[in-house]
Structure formats: structure tokens, C-alpha cells
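Here are the chains, one letter per residue:
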Amino acid sequence: MAPVLSIANLRVSFPRMEAVRGVSLTLRGGETHCLVGESGCGKSISALSVMNLLPRSAVRSADHIRFHEHDLLAMSERQMAWLRGDKIAMIFQEPMTSLNPAYTIGSQMAEVLERHRRASRRQALDRAAELLARVGITAPGMRLAQYPHQLSGGLRQRMMIATALMCDPEVLIADEPTTALDVTVQSQVLRLLRKLQQEMGLALLLITHDFGIVARMAEHVSVMYAGEVVESGPVEQIIKAPTHPYTRGLLNCIPVPGMTKPGEPLGSIPGGVPHIGRGFLGCGFRERCPMAARECAEPVHLHDAGEDHFYRCRLPPDWKLDASP
Amino acid sequence: MTHAIEVRNVYREFQQRSAAGRVRSAVHAVDGVTFSLAAGNVLGIVGESGCGKSTLARLILGLLPPSSGEALVDGRSLAHMDRRERARLIQPVFQDPFASLNPRQRVRDIVGLPLASQGDLTKRQQTDRIMEMLARVGISTEMADRFPGQLSGGQRQRVAIARALVLHPRIVVCDEPTSALDVSVQAQILNLLSDLRRELGLTYLFISHNLAVVEHIATEVAVMYLGRFVEHAPTQDLFRRPMHPYTQALLASVLTPEPALGIPDVGLGDAYPDPTDIPLGCRFHPRCPKALSECRTLVPDNIRKDGRLVECLLAAST
């Protein structure tokens, strides 16, 4: 199946740092692709580049960014504005900051359809009510007249999802959509996203720092570190046989209930995320890597581990950590 | 033996005012909590946002007076203790190391402030203590002269821990100390806190919204819901056999990296807990997947058995 969205060799730089260093990924209809990594690894910047919503100081380049056969790099701002919120929609982490506190839910939702479809206010509000019901909000008519602060965090995020669906998008980019929510509410919102995605055949690009969410939601995962995709592949494969030292380290850090032995330390990765300046070469993880060698300072190529599984490391796929340090 | 922390039937309400300044409603943030924590143990407190866990922490730290009841630390009431004495006994570590460190002070001055305010050590002794503590939390000597803005999130949290420990307190209240950190750094900080507890014989009150994190550090866990402990048990017992339906739901919501499992339906429905309007009967009943009709009217008793506490009618019958 042809990809709905395809990004090739995306690079984004800021005056003092390289935020994204050659990211490629493809997203197919009905598929969930997770972009996972820690803060500052470039996952949000990659998503914003697709939407052309980067800050002014950023410079974006890529071999291509395609939505079906349309090249987004060649589009004017006017054309992008038409696509954004229409065929490609996006939701963010903290719904309170992406909503205008001075307008009602109804007017903010209706605006999308009025702008993109030249719908009347009446039609737009009907559609908004229909979608609020669909995301599991009871009494949608009453909610439309309310202001964002009158809703709980979980309800606000559902409302953001409903707003993103106003124009029947083909691609939904969700940037940490549940990070600000309580765990119990997180499950509800993720279940909802999964259900809507299946019903509507959405291509979902889900950005998260949480490997638990990746495992439960994604078909395909790209692990990012220091501006690069260091490993990508089908989710079962990556979790069963992680190959990049960063992916292995990250999976070891996650506390799993019932797996704790008293007094035993949790796996951790020493150090912190490096600053990647102009002219940085080689593997961004080498300073924290237990297997780092001199050659890691040279550019690392992508290796094929088979079955659509790729990783960016000099080591063979079945490497083992030497027991004697 | 005196307990490190003893909390007796503590209540704390806040008045919510309308724009015109009239009292509109009372928020029952902590609604009758009783527990005691033996020295050297770690009590993990978990619950959703708004359940009152941070208010409880502030009551125990003496930053807020209770509306009624009392909180004793080391057998004494904090209300009758002077600030310096209190600071030598109990110290906080807060969630956001970006907000809790003064951006215009150097690391050494941030860590040294508690020592300076005690005023019983010479400058030289203070410096020795600061450096010793920084080394202990894994901050190198050359970082002592930096400002918080030059440090990463994990390093800042290490500095906050050094500041909390520099007076050698016996009790540390950690309020979501790893929530603002990345997963790989969270693990470093949890391991550091565990090591420090063992080496220095500390007692922790460890607050988190993440049950999986608490399991790693706590010796006992309390689950808080709308201002009350609904379950309190030794860590292993709680994880092996959660008894309160709310604990079960929280445990079910932890997403482990196991692909085939999908997203669980925790069955809590859409009702949202509101501390200004606590339901009659069992406070959890509007969200409880196992609620009986009695739960709407009967307030469940504290059931204590096998060293654990559960507040649920269902637990009474089993």
C-alpha cells in the first residue's frame, strides 16, 4: 500500500543546534506509527516540520515530505494552511495551551469547518456535537456552550481530538496527547484514539516518550535519539529484540509492576542527552553507550536487521554486553 | 518506639471563593488521614491529581497547618517546633527542579543555604559539607560554581536532593521527584534515592502518580482517593493482591511494554472526582466498576487485617 505520508532525510537546524539530522519515515493509511524518544531528541520538531509550523529561527530541508503525491516542501503557505487541520490534523500535549480560553468550545470547533468547508455556523455546530458524542462526551449540546476551563483535562483532550476530526483528516499527528493526563484517563483517551483510528482508517503518527504506550498502540516504531532515528521496525520486533544500545537501555529503565526484586536497582542510562551543535558527527549516543568505540565518532550508517527492522549502530544485531568491563 | 511520622485523623479544607470574594465551596483536600511510618521505611503515596497527596505532604512538612487532627514528626508536633529545628529534622524534594532552584544562585550557594541559615558552622566547615554532599549525589566539583540554567534536569534534581540532605535530616518528603524527568534519568534518580536511604538511614515519604515507580522505592504504599487512604499495605502485598477496586484500576492503567496486550479498559467511566463535592456513601462509588447498591449510602469502614488497611465494603465481606 502506498504511504499516505512520507518523509525522507529531514533535517532541521537552529542557529546553535542541529535538532533533526536526517529523519526518514513513512506512514500508511490505518497504521499507527510511534515516534519515541526523550525530551530534546527532535521528535516534536520532526512533526512540526511536516506541518510547516517551525519557529522562524529554524531551517528545514529534506529530500521530500510527501502527503500522497503532493510535495509539502513545494507548497505555499496558503496551500499549507488549507491542508493543515483539514487532511492533516494535529493534537498537542496540553489542551489548555492550544485552546483559546476566551471562546466557547463550540465556536472553536465550528471555526475549523467554517474555514475549511465554508460551512454555516449551524452546520458546523451540528458536526461538532456529533463528534463530541463520538469521542464519548455526554450532553454535547451543553458542552458546546462551555469554556475550556470548565472541562476536566481528559474532557479537554477528547474535545481536541474531536476538533482534529472535524474535516475527516487522513493523517492525525498526536504529540504526547496523554502526557498531561492521569493514568486512568490516559487509558481512556488512548482507547478512544485507537477506536477512531480503526473506524476512520486514520494514519496516526503518535509521538511519545513512553515505551508502554508504544507497545500498546503502535504497529511500527521509530526510536529517536539526538535528532536521528536510531532504530525502527515493527513494534513486536523492536521490543523482543532491541538492537541499538539506546533502545535496549531505554527499555531497561522502565519500571514494570510485579517485576521488582527488593533492593535491586532499576536499569538506567548514565549521563544525559548531549547538545548537538553544528558539525557534530557520528553517533549521538556514544557518550552514554557502554559499547562505544573510537569509530563511533564517524558517521554511522543504517543497518538492516531483516523483516523491516533497521538500526543505526556499528554493532552486529546479536551483540552482547561484555560481562567483564 | 516513636514513629518517624505519625498522622492522626488529619483534615485540611480550603475555601474556594468566587470572583466577588464570597466563599463558594469548601475543598476537602485531606479528609481524615491516619497513618504512622516507622523510621527507615519508605511510604509511597499514589493517586490521581487532586487527590490531596501534595496537600498531605505540605501538612507533614509543616508548611500548612491542618484544619483538625495532628501530624507528629519524630514524636513531636511541627507546630511547636522552630523553623531551624524543623529543617534539621525533615526536608522536601519537589517535582520540578526548574522551579525549585533559584536561577541566580550558584549550585554551591543553593546547597549551602540551609547550613548558612542554621549559622552554627564556620564557612570552611560549610564548604566541606557542601562538597561532600555534592559528591554523594554525583555532582562534580567543577559544577559547584555553575548556575541551575547550565545543568540538565537530572543534575538539577541531584542538586535539590543535596540541598535537602545537607543538614542530615532524618526524614525526606519527595513530592513527585522524577515526574519532570526523562525515563532514563528517572531511573538514575530513583537508584540514587534508594542508595542514599540505605547509606544514611533515611525515612522517605514518596509521592507519585505512577504506581510502577513507587514499587521500586517504597516499603509500603498508600493509595489516596479524594482525600483519604483507601488502601494502605506493604508494597509486595499491594502489588501481589490489590484489594480496593481503585487500586486495581490504577494497577491496570500502568502500560507495560508488552505489545500484544493493547490498551486496557480500566472501567472507571466518565465521572471525575471533585473534592468540592464528595459523593455520599463510598466516595469512589460513582467510578467503581464493582459498586453495589449499598455503596451509594454506606460509608465503608476502615478494615484492617493482615497488616493492611482497606476502605471498601467488598473487602469487608471477603
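Residues numbered from 1 in each chain as written. Chains lettered and ligands numbered in written order. Predicted model: local features only at pLDDT ≥ 70, side-chain atom pairs only at ≥ 80, totals over all residues.

Chemist: Pulling in residues and values, what's your account of the overall build of chain A?
Modeler: A tally of regular secondary structure across chain A gives 11 helices and 13 strands. If one aligns the C-alpha atoms of chain A with their principal axes, the spans along those axes are about 70 × 50 × 40 Å. Relative to all contacts within chain A whose residues are 6 or more apart in sequence, the contacts with residues 24 or more apart total 63%. (Helix = DSSP H or I, 4+ residues; strand = E, 2+ residues; numbered from the N terminus. Contact = placed C-beta atoms within 7 Å.)

Chemist: Give me the lowdown on the overall build of chain B, citing residues and values where you can.
Modeler: Along the backbone of chain B there are 10 helices and 12 strands. The C-alpha radius of gyration computed for chain B amounts to 21 Å, which stays within 12% of the reference 20 Å derived for 318 residues, consistent with globular compactness. Referenced to the eigenvectors of the C-alpha coordinate spread, the extents of chain B come out at roughly 70 × 50 × 50 Å. Classification of the 318 residues of chain B by burial places 48% in the buried group. (Rg over C-alpha atoms; globule rule 2.2 N^0.38 Å. Buried ≥ 20, exposed ≤ 12 C-beta atoms within 10 Å, placed from the backbone.)

Chemist: So, the sheet that holds strand β11 (residues 228–234) of chain A: which residues are in play, and what are the values?
Modeler: Residue and element names in this part refer to chain A. Pairing is mixed across the open sheet formed by 8 strands, whose spatial order is β7-β8-β9-β3-β10-β11-β13-β12. Every interior strand has two partners, whereas the edge strands, β7 (88–91) and β12 (303–304), have only one. Here strand β3 (residues 32–36) pairs with strand β9 (residues 203–208) via 5 bridges, running parallel. Looking across to β9, one finds that Val36 is bridged to Thr208. Taken strand by strand, helix α7 (residues 153–164) contacts β7 and β8 (171–175), and its axis lies near 170 degrees from that of β7. (Pairing = 2+ DSSP bridges. Axes fitted to C-alpha atoms, helices over the stretch in contact; angles between N-to-C directions.)

Chemist: Account for the interface of chain B and chain A, with residues named and values stated.
Modeler: On the chain A side, the residues contacting the 39 residues of chain B number 40 residues. For the side of chain B that touches chain A, the elements supplying multiple residues, two or more each, are α6 (183–200), α7 (211–217) and α9 (245–252) of chain B. The biggest single contributor to the side of chain B that touches chain A is α6(B), with 8 residues. Residue classes in the side of chain B that touches chain A are distributed as 21 nonpolar, 12 polar and 6 charged. (Nonpolar A, V, L, I, M, F, W, Y, C, P; charged D, E, K, R; others polar.)

Chemist: Please set out the packing of α7(A) against helix α8 (residues 183–200) of chain A residue by residue, giving values where relevant.
Modeler: All names here are of chain A. Between α7 and α8, the least distance of the axes is 10 Å, while the angle of their chain directions is 15 degrees. Between α7 and α8, the interaxial angle falls into the category roughly parallel. Considering how the two elements wind past one another, α7 and α8 form a crossing that is right-handed. For the pair α7 and α8, the contacting residues are Gly153, Gly154, Gln157, Arg158 and Ile161 in the first and Val185, Gln188, Val189, Leu192 and Leu193 in the second. (Parallel < 35°, antiparallel > 145°, perpendicular 65-115°, else oblique. Left-handed = near helix turned anticlockwise from the far one by under 90°.)

Chemist: Explain unusual backbone geometry to me, using residue names and the numbers behind them.
Modeler: You will see that Glu176(A), though not glycine, has its phi angle at about 50 degrees, which is positive. Topologically, Glu176(A) is positioned in the loop between β8 and α8. Residue Glu176(A) is classed as partly exposed on the basis of its C-beta count, with 19 C-beta atoms lying within 10 Å. Phi at Asp74(B) takes a positive value of approximately 55 degrees, unusual for a residue other than glycine. Note on placement: Asp74(B) falls in the loop between β4 (68–73) and β5 (76–77).

Chemist: Explain the sheet that holds strand β12 (residues 308–310) of chain B to me, using residue names and the numbers behind them.
Modeler: All names here are of chain B. An order of β6-β7-β8-β3-β9-β10-β12-β11 is seen for the 8 strands of this open sheet, with the pairing classed as mixed. Both outer strands of the open sheet, β6 (90–93) and β11 (303–305), are each paired with one neighbouring strand and no more. When the angles between neighbouring strand axes are averaged without regard to direction, this sheet yields 20 degrees. Bridging between strand β3 (residues 42–46) and strand β8 (residues 203–208) involves 5 bridges; their strand directions are parallel. Residue pairing for β8: Val46 is matched across the bridge by Ser208. On top of the sheet, helix α5 (residues 153–165) reaches β6 and β7 (171–175); it is set at about 170 degrees to β6, its chief contact.

Chemist: Tell me what's going on with the pairing of β9(A), and back it up with residues and numbers.
Modeler: All names here are of chain A. With 6 of 6 residues buried, β9 lies mostly within the body of the structure. Along β9, one buried face is formed by Ala203, Leu205 and Ile207 and the opposite face, lined by Leu204, Leu206 and Thr208, is buried too. As paired strands, β8 and β9 are joined by 5 bridges and run parallel to one another. In the strand pairing of β9, Ile173 is matched with Leu205. Traced from β8 through α8 to β9, the parallel crossover comes out right-handed. (Right-handed = clockwise from strand over helix to strand, strands pointing away.)

Chemist: Lay out α6(B) in plain terms, naming residues and giving numbers.
Modeler: Structural remark: α-helix, 3.6 residues per turn; residues separated by three or four positions point the same way. Compared with the 26 Å implied by 1.5 Å per residue over 18 residues, the 26 Å span of α6(B) between its first and last C-alpha is a close match. All of the buried residues along α6(B) are Val183(B), Ser184(B), Val185(B), Gln186(B), Ala187(B), Gln188(B), Ile189(B), Leu190(B), Leu192(B) and Leu193(B). Buried-residue contacts for α6(B) involve α11 (245–252) of chain A together with α5, β7 and α7 of chain B. Positive backbone phi, at 65 degrees, marks Gly201(B), one or two positions downstream of α6(B). (Expected span 1.5 Å × (residues − 1).)

Chemist: Can you explain the domain arrangement of chain A? Please cite residues and give values.
Modeler: Residues and elements named next belong to chain A. Domain annotation for chain A reports domain 1 (5–87 + 169–257 + 267–311) and domain 2 (96–166). Between domain 1 and domain 2, the C-alpha centre-to-centre distance is 29 Å. With 13 residues of domain 1 in contact, the opposing surface of domain 2 contributes 11 residues. Here the element with the most residues in the side of domain 1 that touches domain 2 is α8; it accounts for 6 residues. The class makeup of the residues in the side of domain 1 that touches domain 2 is 10 nonpolar, 2 polar and 1 charged. (Domains from an automatic or database assignment.)

Chemist: Would you mind going over the packing of helix α4 (residues 105–117) of chain A against helix α5 (residues 121–134) of chain A in detail, with residue names and values included?
Modeler: All names here are of chain A. It is the contact of α4 with α5, at a shortest axis distance of 8 Å, that shows an interaxial angle of 115 degrees. The pairing of α4 with α5 is recorded here as roughly perpendicular in orientation. The chirality of how α4 crosses α5 is right-handed. Facing α4, whose interface residues are Gly106, Met109, Ala110, Leu113 and Glu114, α5 presents Arg121, Ala124, Leu125, Arg127 and Ala128. In the contact of α4 with α5, the residues fall into 6 nonpolar, 1 polar and 3 charged.

Chemist: Give a description of the confidence of the model for chain B that names residues and reports values.
Modeler: Residues at a pLDDT of 70 or more form 97% of chain B, whose mean pLDDT is 90. Quick note on the complex model: pTM equals 0.89, ipTM equals 0.85. (pLDDT = per-residue confidence, 0-100.)

Chemist: Which residues make up the nonpolar core, and what are the values?
Modeler: Of all hydrophobic cores here, the largest spans 183 residues; its most connected members are Val214(A), Ile60(B), Ala162(B), Leu205(B), Phe206(B) and Val223(B). The element that contributes the greatest number of residues to this core is α6(B), accounting for 7 residues. Counting residues domain by domain, this core receives three or more from each of domain 1 (5–87 + 169–257 + 267–311) and domain 2 (96–166) of chain A. Discounting residues that sit within four places of it in the chain, Phe206(B) has contacts with Val42(B), Leu43(B), Gly44(B), Cys174(B), Val214(B), Ile217(B) and Ala218(B). (Core = buried A, V, L, I, M, F, W, Y, C linked by C-beta atoms within 7 Å.)

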